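# Examining the three-dimensional arrangement
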Amino acid sequence: KYSGKVAGGYKSGQGTYTWSSGAYYEGNWKDDKMSGQGTYFYPKKETGYKLTGNFGRGGPNGECRYYVSSSDSYKTN
């Protein structure tokens with residue numbers, strides 16, 4: 001499910017996409033891919049809490065902050 005801006009039939013600009021697993025991404029999109037600043041929230045059945053940082057070509061791009069809980073985090077590439 002996607003809620004946000006669309007340009008030329010593609011996710012573009014600010015938006016939120018939710019997967020059937022319960023995971024979701026809030027942030028920037030370009031050409032239907034996660035691109036720019038955003039936050040990926042893991043589904044409750046997985047061990048991670050969220051990943052924040054820069055995304056490109058549909059995934060994390062460079063240094064991000066990985067949260068194992070709402071308060072415990074570390075930097076990762």
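The paragraphs below set out a description of the structure included in this document. (Residues numbered from 1 in each chain as written. Predicted model: local features only at pLDDT ≥ 70, side-chain atom pairs only at ≥ 80, totals over all residues. Heavy atoms only, no water.)

## Some points on the overall build of the protein chain
- What the protein chain contains, in helices and strands, is zero helices and seven strands.
- If you list the helices and strands of the protein chain from N to C, you get β-β-β-β-β-β-β.
- Each of the three principal axes of the protein chain carries a C-alpha extent, and together these read 40 × 25 × 15 Å.
- In the protein chain, buried positions account for 30% of the 77 residues.
- The contacts of the protein chain with a sequence gap of at least 6 include a subset with a gap of at least 24, amounting to 5%.
- For the protein chain, the distance from the average site of its 11 positive side-chain charges to the average site of its 6 negative ones is 3 Å. (Helix = DSSP H or I, 4+ residues; strand = E, 2+ residues; numbered from the N terminus. Buried < 20%, exposed > 50% of the residue type's maximum accessible area, 1.4 Å probe, protein only. Contact = heavy atoms within 4.5 Å. Lys, Arg positive; Asp, Glu negative; His and termini not counted. Charge placed at Lys NZ, Arg CZ, Asp CG, Glu CD.)

## Things to note about the pattern of salt bridges
- As enumerated under the stated definition, the model contains two salt bridges in all.
- Salt-bridge contacts for Lys75 lead to Glu63; the nearest nitrogen and oxygen are separated by 3.8 Å. Highlighted residues: Lys75 in strand β7 (residues 73-76) and Glu63 in strand β6 (residues 59-67), separated in sequence by 12 residues.
- Residue Lys75 is classed as exposed on the basis of its relative accessible area of 55%. (Salt bridge = Lys/Arg side-chain N within 4 Å of Asp/Glu carboxyl O.)

## Let's talk about the side chain of Lys50
- Mapping Lys50 onto the fold places it in strand β5 (residues 50-56).
- Apart from the residues within four sequence positions on either side, Lys50 is in contact with Thr39, Tyr40, Phe41, Tyr42, Arg65, Tyr66 and Tyr67.

## Observations concerning unusual backbone geometry
- Even without a glycine there, the phi angle at Asp32 is positive, about 75 degrees.
- Mapped onto the fold, Asp32 is located in the loop between β3 (24-30) and β4 (33-41).

## Observations concerning the pairing of β6
- By the bridge criterion, six bridges tie β5 to β6 in an arrangement that is antiparallel. Looking at the pairing, Lys50 lines up with Tyr67 of β6.
- For β6 and β7, the ladder comprises four bridges, and the chain directions are antiparallel. By the bridge assignment for β7, Arg65 is matched with Lys75. (Pairing = 2+ DSSP bridges.)

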